[in-house]
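# Overview (structure and organization)
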Amino acid sequence: MTKRAVVIGCGHYLPERVVENAEFEKTLDTDDAWIRSRSGIERRHFAAEGETTSSMATAAARAALADAGIEADDLDAIVLATSTADLTFPSAATMVQAELNMNKGFAFDVQAVCAGFVYALSNANALIISGQAKRVLVIGAETFSRIMDWTDRSTCVLFGDGAGALILEAQEGDGTAEDRGILSTDLNSDGRYRDLLYVDGGVSTGTSGYLRMQGNQVFRHAVAKLAATATTAMEAANVTADDVDWIVPHQANIRIIQGTAKKLDLPMDRVVVTVQDHGNTSAASIPLALSVGRTRGQIKPGDLIVTEAIGGGLAWGAVVLRW
Ligand code: UT7
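The text that follows walks through the structure, step by step, so that each part is easy to find.

## So, the sheet that holds strand 8 (residues 181-189)
As summarised here, the arrangement of the four strands in space is 8-13-12-11, forming an open sheet in which the pairing is mixed. Two strands in the sheet have a free side with no partner beyond their single neighbour: strand 8 and strand 11 (246-249). The mean angle between the axes of side-by-side strands here comes to 15 degrees, regardless of whether they run parallel or antiparallel. Here four bridges tie strand 11 to strand 12 (residues 304-311), and the two strands are oriented parallel to one another. Counterpart to Trp 246 in the pairing with strand 12 is Ile 305. Of the strands in this sheet, strand 11 and strand 12 are in contact with helix 9 (residues 285-295), which crosses strand 11 at around 140 degrees.

Right under this line is the structure:
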């Protein structure tokens with residue numbers, strides 16, 4: 001028998017306000033055609049005044065709890081991936097814990113920028129297989145609209161806000177790739193690339209700062225590193241591209257998504273794509289895509305899924321799981 005972390009529920013939350021590409025034409029030297037053709041993004045959601053990472057995370061968590069048919073007190077832990085926590089501390093995860101009236105267990109944030117959800121899944125999996133937790137709520141939530149420089153057309157048109165959540169539960173498998181649950185994880189980072197994507201504020205500056213990105217440099221790293229980490233994770237899970245039902249990639253740029261799928265030898269009809277509607281929601285993009293993919297009827301129980309993501313750090317990784 002092998003302990004597996006199995007998905008028993010998922011949900012998501014998107015803020016009400018939808019901003020189409022054309023809106024940026026009013027204030028910036030940009031247009032819908034450039035944004036669409038270079039990134040695949042058509043629209044994104046922006047949080048309302050007063051909406052925060054923890055409030056969106058709580059909404060996604062409630063949807064996932066309802067989907068799983070369990071209560072917050074049935075959870076042992078919350079792992080929340082974000083780079084836009086409401087405050088420097090306490091963690092957004094403990095704020096969600098309080099909002100859910102979860103009066104036991106433990107909660108903490110994981111900060112690996114756009115790779116955050118993959119890191120959070122890997123951490124939650126480790127908690128479950130080591131016996132430290134039986135049920136873990138894993139959330140990705142971001143309010144990147146709060147760290148946009150609205151005069152920088154090369155970044156502010158790319159990002160959006162939102163949250164997605166999964167609930168993982170310890171179940172017994174037989175140790176094969178036919179098991180449901182997380183089958184393998186692969187995490188990587190290389191701090192030499194910090195200047196390619198960072199926020200120019202924090203405790204050292206006394207400001208929360210703005211996102212700065214050398215987009216074309218990040219792009220150059222993305223396809224090769226994403227294909228490599230997905231391949232490593234698939235080998236560790238003892239599966240091949242032929243076995244994969246869905247790639248659920250980080251949703252930053254349709255050209256990165258297509259390039260990675262091609263390198264992995266997977267056709268685009270086996271890729272869940274939401275970038276056109278959400279933009280880049282950093283750590284929220286994969287759980288949003290998983291939840292939307294299931295709502296669309298793409299992802300079904302028993303499907304083999306590969307998730308992969310890269311972002312600031314650079315940090316990148318992949319998770320193979322059977323839904
Ligand atoms: O999620 C975390 C990881 N992040 C990513 O994965 C993002 C990776 N990078 C990208 O997605 C792409 O590099 C971008 C979408 C950011 C940019 O696409 P690109 O094809 O790499 O364009 P570029 O940065 O090389 O810029 C091409 C041109 C430049 O003009 P010049 O220098 O050629 O005259 C930019 O100034 O496009 C210009 N440009 C714009 N033009 C109209 C940059 N932003 C805009 C804009 N509207 N919003």
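## Details of the site of the ligand
Around the ligand there are 23 residues in total, and Thr 30, Arg 153, His 250, Asn 253 and Asn 280 lie nearest to it. For the ligand, whose accessible area on its own is 950 Å², the fraction buried by protein is 73%. Of the residues belonging to the shell around the ligand, the class tally is 11 nonpolar, eight polar and four charged. Residues from two domains meet in the shell around the ligand; each of domain 1 (2-173) and domain 2 (181-322) gives at least three.

## A look at unusual backbone geometry
With an omega of 5 degrees, the peptide bond running from Phe 89 to Pro 90 counts as cis. Relative to the helices and strands, Pro 90 is located in the loop between strand 4 (77-81) and helix 3 (92-99). Cis rather than trans, the peptide bond between Gly 313 and Leu 314 has omega equal to -10 degrees. With respect to the secondary-structure elements, Leu 314 resides in the loop between strand 12 and strand 13 (315-322). For Asn 238, which is not a glycine, the phi torsion comes out positive at approximately 65 degrees. The topology assignment puts Asn 238 in the loop between helix 6 (215-237) and strand 11. Of the residues examined, Asn 238 reaches a relative accessible area of 69% and is grouped as exposed. Positive phi outside glycine occurs at Asp 265, with the angle close to 65 degrees.

Procedures and definitions
Residues numbered from 1 in each chain as written. Predicted model: local features only at pLDDT ≥ 70, side-chain atom pairs only at ≥ 80, totals over all residues. Heavy atoms only, no water. Pairing = 2+ DSSP bridges. Helix = DSSP H or I, 4+ residues; strand = E, 2+ residues; numbered from the N terminus. Axes fitted to C-alpha atoms, helices over the stretch in contact; angles between N-to-C directions. Contact = heavy atoms within 4.5 Å. Near = heavy atom within 4 Å. Areas by Shrake-Rupley, 256 points an atom, 1.4 Å probe, with all protein chains shown as cover. Nonpolar A, V, L, I, M, F, W, Y, C, P; charged D, E, K, R; others polar. Domains from an automatic or database assignment. Buried < 20%, exposed > 50% of the residue type's maximum accessible area, 1.4 Å probe, protein only.

The values are spatial; any link to function lies outside them.
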